[in-house]
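Summary of structural features
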Amino acid sequence: MIYTNIDMIDYLFDLRGFAILKQAVDPAHLAELNAAFDEFPDLPFKGWHGNVQRLDNNGYAGCELQNIVEAGEPFERLIDHPVWTPRLLRYCGEQNTYVEGLFIDECFASIRRTGGFFPIHSGGQDGIVRNQYRVVNGQFRCGQVNILLALTDIGPGDGGTVVVPCSHKANFAYPGLSQDFKSELPEAAMEVHLKAGDALMFVDALMHGATSRTNPGERRVVIYRYGPSWGSTRHGFQYSDELLQRLTPERRSILQPIPPRRPGMAMGVLH
Ligand SMILES: O=C(O)CCC(=O)C(=O)O
């Protein structure tokens, strides 16, 4: 199958490795997500609240709450959000094959306060299969595509995500890139500014990170990483039975595309 109906988002995603889905989430939903954060208890590093764990990826990034889909219904609604799900199915869901379907292999919230940043990393040169960018015979066959949803406005000084456009197609490592990238933007990089409700969609092979937050207050984002149905979770989190049971079949199939199969079961435990 050859894609003939490429739209501008597809075009930008292919060309640059990212696109912005403007006002992807409506203000009411956004308010519910922010209210959930306002009520969320302060957790120590590696502390749990239900089935959500604070697991900061590195010491600089700020508070990262992993498995955030277990934090309530507003987060469940993001699983198969209509603005991005059909697109992600085309990009990284092995569409029109025997393994068609999506899987969320990591989902977390990131709350970044003054001084927090995320070291820049990734790039096509690594050839990592899990996060690769690929188009075959006109069909997207990417490994991992991320949705970074802004819950607050992200402008200059807010610790915005940095991308190196087109680096998902890079053949060589970025020369002389310092590992402790903070506020100095490497040449060819750009900081992405978002309004609350916008989603930055990018293939994980794109070189990315985030600038140092210099403003007071906090930057709130939620990141859902999607890949093909046969993927496995990055950190080993298991979705709770309560969550899987209450989800719609469409949402459950994205969190658990392949239900467990054991002797004596005609189908999986929950299906
Ligand atoms: O926090 C950000 O804006 C970027 C996060 C990031 O680079 C990552 O999680 O891989």
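Structural data are supplied above this passage.
Residues numbered from 1 in each chain as written. Predicted model: local features only at pLDDT ≥ 70, side-chain atom pairs only at ≥ 80, totals over all residues. Heavy atoms only, no water.

Attention shifts here to the sheet that holds strand 11 (residues 190-191). Pairing is antiparallel across the open sheet formed by 4 strands, whose spatial order is 6-13-10-11. Either end of the sheet is taken by a strand with one partner, and the two such strands are strand 6 (118-121) and strand 11. (Pairing = 2+ DSSP bridges. Helix = DSSP H or I, 4+ residues; strand = E, 2+ residues; numbered from the N terminus.)

Pairing is possible between side chains that carry opposite charge, provided their charged atoms lie close to one another. Scanning the entire structure with this criterion turns up 17 salt bridges. Between Arg87 and Asp7 there is a salt bridge whose closest N-O contact spans 2.7 Å. Remark: Asp7 occurs in the segment before helix 1 (8-16) and Arg87 occurs in helix 4 (residues 85-92); sequence separation between them is 80 residues. On the accessibility criterion, Asp7 (30% relative accessible area) is partly exposed. The closest approach of N and O atoms between Arg77 and Glu32, which form a salt bridge, is 2.8 Å. You can see Arg77 sitting in the loop between helix 3 (73-76) and helix 4 and its partner Glu32 sitting in helix 2 (residues 27-39), a full 45 residues away along the chain. Each of Asp7, Asp10, Arg87 and Arg90 takes part in a single network of salt bridges with overlapping partners. (Salt bridge = Lys/Arg side-chain N within 4 Å of Asp/Glu carboxyl O. Buried < 20%, exposed > 50% of the residue type's maximum accessible area, 1.4 Å probe, protein only.)

Right, let's get into the site of the ligand. All residues adjacent to the ligand are Phe108, Arg112, Phe118, His121, Leu148, Thr161, His208, Gly209, Ala210, Arg219 and Arg225. At a separation of 3.0 Å, an oxygen atom of the ligand approaches a polar side-chain atom of Arg112. Here an oxygen atom of the ligand and a side-chain polar atom of His121 are 3.1 Å apart. About the coverage of the ligand: the protein hides 98% of its 300 Å² of free accessible area. Counting residues per element, the shell around the ligand draws most heavily on strand 13 (residues 208-210), which supplies 3 residues. For the shell around the ligand, the per-class residue count stands at 4 nonpolar, 4 polar and 3 charged. (Near = heavy atom within 4 Å. Polar contact = N/O pair within 3.5 Å; in protein donor to acceptor, adjacent residues only side chain to side chain. Areas by Shrake-Rupley, 256 points an atom, 1.4 Å probe, with all protein chains shown as cover. Nonpolar A, V, L, I, M, F, W, Y, C, P; charged D, E, K, R; others polar.)

With that out of the way, let us pick up the environment of Tyr133. In this fold, Tyr133 is placed in the loop between strand 6 and strand 7 (135-136). In this structure Tyr133 comes out as buried when scored by relative accessible area, which is 14%. Along the chain, Tyr133 and Lys46 lie 87 residues apart, while their C-alpha atoms are 32 Å from each other. When sequence neighbours within four positions are dropped, the list of residues in contact with Tyr133 reads Phe13, Asp14, Phe140, Cys142, His168, Lys169, Val203 and Ala205. (Contact = heavy atoms within 4.5 Å.)

All right, on to helix 1 then. When helix 1 is considered as a whole, its buried residues turn out to be Ile9, Asp10 and Phe13. On an axial view of helix 1, the arc spanned by its buried residues comes to 100 degrees, and they lie on one face. Lining the buried residues of helix 1 we find strand 1 (18-21), helix 4, strand 8 (139-140), strand 9 (145-150) and strand 12 (199-203). Here helix 1 starts with a cap whose side-chain oxygen sits 3.1 Å from the backbone nitrogen of Ile9, and that cap is Asp7. At the exit of helix 1 stands Gly17, carrying a positive phi of roughly 90 degrees. (Arc of directions from axis to C-beta.)

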